Amino acid sequence: MISLGRVTITAITAMLALYAGRAEAQKLQGVTKTEVVIGTHTDLSGVAAAFGVHSSNAARMRFDEVNAQGGVQGRKIRYIIEDSQYQVPRAVQAGNKLINRDKVFLILLGAGTPMNNAVMPDQLKAGVPNFFPLSWAKQLYEPFHPMKWAAGASYYAQMRGAVKHFVDKGKKNVCALYQDTDFGREIFEGARDQLVAMNVKLADATTHKPTDTDFTAQMTKLRAANCDVIALGSIIRDTILAYSTARKMGWTVDMVGTTAAFDLNVSGAPAGATEGLYTMTQIEAPYPDSTNPAIKQWVEKYRAKYNVDPNPAAQFSYVAADLIVMGLDRAGKDLTTERFLKAMESIQGYTDIFGGPVMTFGPNKHHGSESVFMVQVKGGRWTRVTEPLAF
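Everything numeric here is computed off the predicted structure, so don't read it as measured data.

**Student:** Looking at this model, I keep getting lost on the overall build of the protein chain. Mind explaining?
**Tutor:** Within the protein chain, the secondary structure is distributed over twelve helices and twelve strands. Expected size for 391 residues packed as a compact globule is a radius of gyration near 21 Å; at 23 Å, the protein chain falls within 12% of this value. Its C-alpha atoms give the protein chain principal-axis dimensions of roughly 85 × 55 × 35 Å. Within the span of the protein chain, comprising 391 residues, buried residues form 54% of the whole. For the protein chain, long-range pairs separated by at least 24 residues make up 70% of all intrachain contacts whose partners lie at least 6 apart in sequence. Total accessible area on the protein chain is roughly 16900 Å²; 53% of this is exposed by carbon and sulfur atoms. Placing the 42 positive and 36 negative side-chain charges of the protein chain at their respective mean positions leaves the two points 4 Å apart.

And the structure:
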């Protein structure tokens, strides 16, 4: 048995602490005394580009505002955006670049449920947190993980609230049309589970690929099932095509989507192709003629910077970027991942300029809010038609 003196033990303890400190310093990436690096993998040129372009534009706008004022705690934010084209392989490539080459401190607003699911395993292994993905899938924040964060109500919760609303209003034959992806299946599960809870049978369901452009077969199948409301697990183009196909067939049936379909390209589809469509959202659309002075001013600033009006994805992303700025500021000058995560957990009762839901986080709560309401296309505009819906 070897006996060690007090001095030797003290020296060994100090050495272990030194090595632990060096290991922690090596794990921390994307942070210098003057800079913090944030990355995004999103769709800039694929089927969800209307979301991805505006989302990354709005985040950059918020970071540019902060940098123009000297940054956060003396650090400028360097924002790197990679195009995933809404394809899993491209998202994995983009994620690997951001994590391993660009050495980002965190990934923000990653677009798409399947894309986030593919990127996150290596991302979390590398110690890079995933914040506020441009997806409302519950699997992106459940089960709880210290580095997985989300802002709004899940697709699952949104569709359960929507189905309960329509069944309570007298709908009897609820159907589903959804993308055959992780994203679409979560929405289908929300509709199915709510019907089970209400002892109502699902009338029928069918799927499509994100890139499909012909929905005749799906609409014919659902029409034969005598559906009186259809739960949509779709995004922008497929929502427009599915809804307009039914109308061209002479079939007037209610359809309801989720936040994924809440876009001005959907409400403003040519020739009123989506008039009457419902969807779920947590925030009202950013129209230039808004009666809210703060929203109107923000829209003007966005238009001046990008020469185009913003969409709801831009609103959400501006808020997400603002939350990140708040966390960086609260973390202080001695920025580490652990300090930053604790700073984010300290955010309570956050409100944005758009009248969105109050968001609160905590040590065991990395999901901001579950509040959601329904809007409908009326006269080519999204119009709120309910108060917050629960299930």
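There's plenty left to go through after this.
**Student:** So what exactly am I meant to see when it comes to the sheet that holds strand 12 (residues 381–384) here?
**Tutor:** Strand pairing in a sheet is mediated by backbone hydrogen bonds. Such pairs are either parallel or antiparallel. Within the open sheet, the seven strands sit side by side as 7-6-8-9-10-11-12. Their pairing is mixed. Of all the strands in the sheet, just strand 7 (204–208) and strand 12 have a single pairing partner and so form its edges. Taken pair by pair, the neighbouring strands of this sheet meet at an average axis angle of 25°, ignoring direction. Sitting on the sheet, helix 8 (residues 237–248) touches strand 6 (174–179), strand 7, strand 8 (229–233) and strand 9 (254–257), and the angle it makes with strand 9 is about 175°.

**Student:** In this structure, what is going on with the packing of helix 5 (residues 155–168) against helix 6 (residues 182–197)? I would like to understand it.
**Tutor:** The angle between the axes and the distance between the axes are what describe a pair of packed helices. Contact geometry for helix 5 and helix 6: axes closest at 8 Å, N-to-C directions at 40°. With respect to helix 6, the element helix 5 is oriented oblique. Here helix 5 runs over helix 6; the crossing is right-handed. Every residue of helix 6 that contacts helix 5 at Y155, Y156, M159, R160, V163, K164 and V167 is listed here: F183, E186, I187, E189, G190, A191, D193, Q194, L195 and A197. When grouped by side-chain class, the residues that make up the contact of helix 5 with helix 6 number ten nonpolar, two polar and five charged.

**Student:** So what exactly am I meant to see when it comes to helix 12 (residues 337–345) here?
**Tutor:** An α-helical turn contains 3.6 residues, so any two residues separated by three or four positions project in the same direction. When we look at burial in helix 12, the residues that qualify are T337, F340, L341, A343, M344 and E345. Contacts made by the buried residues of helix 12 are with strand 3 (106–108), strand 4 (130–131), strand 5 (148–149) and helix 11 (312–331).

**Student:** Explanation requested: the pairing of strand 8 in the structure shown.
**Tutor:** Here is the key point about a regular strand: its side chains alternate between the two faces of the sheet. Counting buried positions along strand 8 gives five out of five residues, so the element sits mostly inside the fold. The two faces of strand 8 match: V229, A231 and G233 on one face and I230 and L232 on the other face are all buried. Where strand 6 meets strand 8, five bridges bridge the pair, whose relative direction is parallel. Paired with L177 across the strands is L232, a residue of strand 8. The handedness of the strand 8 to strand 9 crossover, carried by helix 8, is right-handed.

**Student:** Looking at this model, I keep getting lost on the sheet that holds strand 1 (residues 35–42). Mind explaining?
**Tutor:** Spatially, 2-1-3-4-5 is the arrangement adopted by the five strands of the open sheet, whose pairing is parallel. Since the sheet does not close on itself, it has two edges, and those belong to strand 2 (76–83) and strand 5, each with one partner. By the bridge criterion, two bridges tie strand 4 to strand 5 in an arrangement that is parallel. Looking across to strand 5, one finds that N130 is bridged to K148. The strands touched by helix 11 within the sheet are strand 1, strand 2, strand 3 and strand 4, with strand 3 carrying the most contacts at an inclination of about 155°.

**Student:** Just to check I follow, could you spell out the layout of surface pockets for this structure?
**Tutor:** To locate leftover empty space, one rolls a probe as large as a water molecule over the atoms. Estimates place the volume of the largest pocket at around 370 Å³. Along its surface, the largest pocket is lined by 23 residues, and I283, E284, A285, F373 and R384 are the ones closest to its centre. Put simply, the parts of the chain that give the lining of the largest pocket at least two residues each are strand 11 (373–378) and strand 12. The element contributing the most residues to the lining of the largest pocket is strand 12, with four residues.

**Student:** Can you walk me through the pairing of strand 6 in this structure?
**Tutor:** With respect to burial, strand 6 is a largely interior element, six of its six residues being buried. Side chains V174, A176 and Y178 of strand 6 all project onto a buried face; the interleaved residues C175, L177 and Q179 project onto the opposite face, where all are buried too. Judged from the five bridges that link them, strand 6 and strand 7 form a sheet pairing that is parallel. By the bridge assignment, Y178 is partnered in strand 7 with T207.

**Student:** I would appreciate a short explanation of empty space enclosed by the protein in the present structure.
**Tutor:** For the structure shown, the criterion picks out four cavities of 30 Å³ or more. Taken together, 17 residues form the lining of the largest cavity, with W136, Q282, I283, P312 and F316 sitting closest to its centre. In terms of residues, the lining of the largest cavity owes the most to one element, helix 11, which gives four residues. Looking at the lining of the largest cavity residue by residue, the classes come out as eleven nonpolar, five polar and one charged. One number sums up the size of the second largest cavity: a volume of about 150 Å³. Lining the second largest cavity are 17 residues; nearest its centre among them are F51, Y86, G112, L134 and I235.

**Student:** Help me out: how do you make sense of the side chain of T40 in this one?
**Tutor:** The residue T40 is located in strand 1 in this model. According to the relative accessible area criterion, T40 is buried, its value standing at 0%. Ignoring any residue separated from it by four or fewer positions in sequence, one finds T40 in contact with Y79, I80, I81, E82, L98, L108 and L109.

**Student:** Just checking my understanding: could you explain the nonpolar core for this structure?
**Tutor:** Within soluble globular proteins, side chains that are nonpolar tend to cluster in buried spots. Judged by nonpolar contacts, the single largest core of 110 residues is most densely connected at L108, F131, F132, I230 and F340. Take this core: its biggest share by element is twelve residues, from helix 11. Apart from the residues lying within four places of it in its own chain, the contact partners of I230 are C175, A176, L177, M219, L222, W251, V253, D254, M255 and V256. Ranked by size, the runner-up nonpolar core spans seven residues in total, among them V37, L98, I99 and V104.

Quick notes on the rules
Residues numbered from 1 in each chain as written. Predicted model: local features only at pLDDT ≥ 70, side-chain atom pairs only at ≥ 80, totals over all residues. Heavy atoms only, no water. Helix = DSSP H or I, 4+ residues; strand = E, 2+ residues; numbered from the N terminus. Rg over C-alpha atoms; globule rule 2.2 N^0.38 Å. Buried < 20%, exposed > 50% of the residue type's maximum accessible area, 1.4 Å probe, protein only. Contact = heavy atoms within 4.5 Å. Areas by Shrake-Rupley, 256 points an atom, 1.4 Å probe, with all protein chains shown as cover. Lys, Arg positive; Asp, Glu negative; His and termini not counted. Charge placed at Lys NZ, Arg CZ, Asp CG, Glu CD. Pairing = 2+ DSSP bridges. Axes fitted to C-alpha atoms, helices over the stretch in contact; angles between N-to-C directions. Parallel < 35°, antiparallel > 145°, perpendicular 65-115°, else oblique. Left-handed = near helix turned anticlockwise from the far one by under 90°. Nonpolar A, V, L, I, M, F, W, Y, C, P; charged D, E, K, R; others polar. Right-handed = clockwise from strand over helix to strand, strands pointing away. 1 Å grid on protein atoms, 1.4 Å probe; cavity = no way out; pocket = protein on both sides within 12 Å on 5 of 7 lines; lining within 4 Å. Points joined across faces, edges and corners; volume = space filled by probe spheres on them. Core = buried A, V, L, I, M, F, W, Y, C linked by side-chain atoms within 4.5 Å.

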